[in-house]
Amino acid sequence: MNTTIATALRTRIKICGLTREEDVDQAVAAGADAIGFVLYAPSPRAVSIARAAELARRLPPFVTPVLLFVNETAARVQQACAEIPGACLQFHGDETPAQCLEASGGQRPFLRAARIPLGDAAAGFDLVEYAQRYSHAQAILLDAHVDGYGGGGKAFNWSLLPPSVASHLVLSGGLTPANVTDGIRQVRPRCKTLAVDISSGVEATGPDGQPLKGVKDADKIHRFVAAVRAADAQPRQNL
């Protein structure tokens with residue numbers, strides 16, 4: 001017999017690619033659970049370790065700084081950890097399980113990005129096996145596989161993910177205030193818990209209509225958080 005039970009759910013929210021004090025403050029005010037700092041020099045959203053530490057000092061208790069690395073040396077990761085206590089790590093390159101553990105010192109929690117192919121090719125990505133290989137990760141972050149590293153504001157086909165993944169997942173890549181509710185609805189039933197991660201989808205727009213990378217739009221941040229909370233408020237179907 002099917003019953004409908006309204007279950008209180010709370011999707012954790014990470015706002016990534018922040019470079020300015022005012023954007024950190026707006027993300028916190030909107031209710032973000034985590035703030036991401038990109039420590040990958042080629043990225044247009046990159047900040048130095050010192051700048052990330054400066055911005056992280058603005059965070060109140062229970063809002064977590066997340067440090068994003070791409071194929072970085074263990075020594076530099078550990079330097080960043082020393083300067084930004086309490087940070088979670090995010091490995092977004094080609095790091096092996098052993099390299100993730102080494103860089104994290106075997107103690108610091110970390111997220112491991114899985115680069116999901118665009119289009120129908122997403123069905124060929126074995127996320128179950130990937131999650132097993134990176135079983136020491138706190139969660140697997142799902143991003144779209146595009147040239148370079150990062151999702152480039154692209155969304156992969158969420159419906160092609162495996163029906164059951166025994167892991168905590170973080171949905172990323174191409175999220176916006178308009179589509180995040182649908183993303184949560186499709187992906188949440190497939191995993192232990194679901195969080196969401198957004199960067200380009202809450203960036204300001206320049207005079208040329210293009211996003212200003214690393215500059216966030218306060219209204220978009222608040223609308224994104226409101227959309228996530230609307231998804232959380234929807235009843236969940238249970239057998």
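Residues numbered from 1 in each chain as written. Predicted model: local features only at pLDDT ≥ 70, side-chain atom pairs only at ≥ 80, totals over all residues. Heavy atoms only, no water.

Q: Sorry, what's going on with helix H7 (residues 218-233) here?
A: Here H7 spans 23 Å end to end across 16 residues, near enough to the 22 Å set by a 1.5 Å rise per residue. Of all the residues in H7, the buried ones are Lys220, Ile221, Phe224, Val225, Ala227, Val228, Ala231 and Asp232. The buried residues of H7 all sit within an arc of 155° when viewed along its axis, so they share a single face. Looking at the buried side of H7, the elements it contacts are strand S2 (12-15), helix H1 (21-30), helix H6 (180-187), strand S9 (194-198), strand S10 (203-205) and strand S11 (211-216). With a side-chain oxygen lying 2.9 Å from the backbone nitrogen of aspartate 219, the N-terminal cap of H7 falls on aspartate 217. (Helix = DSSP H or I, 4+ residues; strand = E, 2+ residues; numbered from the N terminus. Expected span 1.5 Å × (residues − 1). Buried < 20%, exposed > 50% of the residue type's maximum accessible area, 1.4 Å probe, protein only. Arc of directions from axis to C-beta. Contact = heavy atoms within 4.5 Å. Polar contact = N/O pair within 3.5 Å; in protein donor to acceptor, adjacent residues only side chain to side chain.)

Q: Would you explain the packing of H6 against H7 in this entry?
A: Relative placement of two packed helices is described by the angle separating their axes and the distance separating the axes. The geometry of H6 relative to H7 is characterised by a closest axis approach of 8 Å and an angle of 35° between their N-to-C directions. Crossing geometry of H6 relative to H7 is assigned as right-handed. Residues Val180, Thr181 and Ile184 of H6 form the contact with H7, whose participating residues are Phe224, Ala227, Val228 and Ala231. (Axes fitted to C-alpha atoms, helices over the stretch in contact; angles between N-to-C directions. Left-handed = near helix turned anticlockwise from the far one by under 90°.)

Q: Looking at this structure, how should I read the pattern of salt bridges?
A: When charged atoms on two side chains of opposite charge get close, those side chains can pair. One pass over the structure, following the stated rule, counts 17 salt bridges. When the shortest N-O distance is used, the salt bridge between arginine 223 and aspartate 219 registers 2.9 Å. Residue arginine 223 and its partner aspartate 219 are located together in helix H7, separated by 4 residues, close to a single helical turn. By relative accessible area, which is 42% here, arginine 223 ends up partly exposed. Look at the salt bridges and you will find they share partners, linking Arg10, Asp33, Arg188, Arg229 and Asp232 into a network. (Salt bridge = Lys/Arg side-chain N within 4 Å of Asp/Glu carboxyl O.)

Q: So what exactly am I meant to see when it comes to the confidence of the model for the protein chain here?
A: Parts of the model with low pLDDT should not have their predicted coordinates read in detail. Chain-level statistics for the protein chain give a pLDDT mean of 92 and a share of 92% at 70 or above. Confidence over residues 1-7 falls short of pLDDT 50; this stretch has 14 contacts with residues more than four positions distant or in other chains. (pLDDT = per-residue confidence, 0-100.)

Q: Could you clarify how one ought to interpret helix H4 (residues 97-104) in this entry?
A: Counting along an α-helix, one turn takes 3.6 residues, and residues three or four places apart therefore face a common direction. Taken together, the buried positions of H4 are occupied by Cys100, Ala103 and Ser104. Along H4, the residues classed as buried sweep out an arc of 95° about the axis, all on the same side. Those residues of H4 that are exposed and aimed more than 90 degrees away from the buried face are Ala98 and Glu102. Looking at the residues trailing H4, positive phi occurs at glycine 105, about 70°.

Q: Would you explain unusual backbone geometry in this entry?
A: Note on backbone geometry: most residues besides glycine have negative phi, and most peptide bonds are trans. We note that phenylalanine 62 has phi near 75°; this positive angle belongs to a residue other than glycine. Here phenylalanine 62 shows up in the loop between helix H2 (49-56) and strand S4 (64-69). Positive phi is not limited to glycine here, since asparagine 71 has a value of about 50°. Along the polypeptide, asparagine 71 turns up in the loop between S4 and helix H3 (74-83). Using a relative accessible area of 40% as the deciding quantity, one classes asparagine 71 as partly exposed.

Q: Is there a simple way to explain the sheet that holds strand S6 (residues 110-116) in this structure?
A: Sheet strands pair via backbone hydrogen bonds, and the direction of the pair is either parallel or antiparallel. Spatially, S2-S3-S4-S5-S6-S7-S8-S9 is the arrangement adopted by the 8 strands of the closed barrel, whose pairing is parallel. On average, each strand axis in the sheet is tilted by 30° relative to the strand beside it, whichever way the strands run. Inspection of the sheet shows strand S5 (residues 88-91) paired to S6 by 3 bridges, in the parallel sense. Paired with phenylalanine 91 across the bridge in S6 is arginine 112. Packing against the sheet, H4 makes contact with S5 and S6, and its axis sits at approximately 150° to S5. (Pairing = 2+ DSSP bridges.)

Q: Before we go on, may I ask you to explain the pairing of S4 in this structure?
A: Where a strand is regular, its side chains alternate between the two sheet faces. For S4, a buried count of 5 out of 6 residues is recorded, marking the element as mostly surrounded by other parts of the structure. In the sheet, strand S3 (residues 34-38) pairs with S4 via 5 bridges, with the strands oriented parallel. Paired with alanine 34 across the bridge in S4 is threonine 64. Considered for its hand, the β-α-β crossover made up of S3, H2 and S4 is right-handed. Across 4 bridges, S4 lies against S5 in parallel orientation. By the bridge assignment for S5, leucine 67 is matched with leucine 89. One crossover worth recording links S4 to the parallel S5 by way of H3, and it is right-handed. (Right-handed = clockwise from strand over helix to strand, strands pointing away.)

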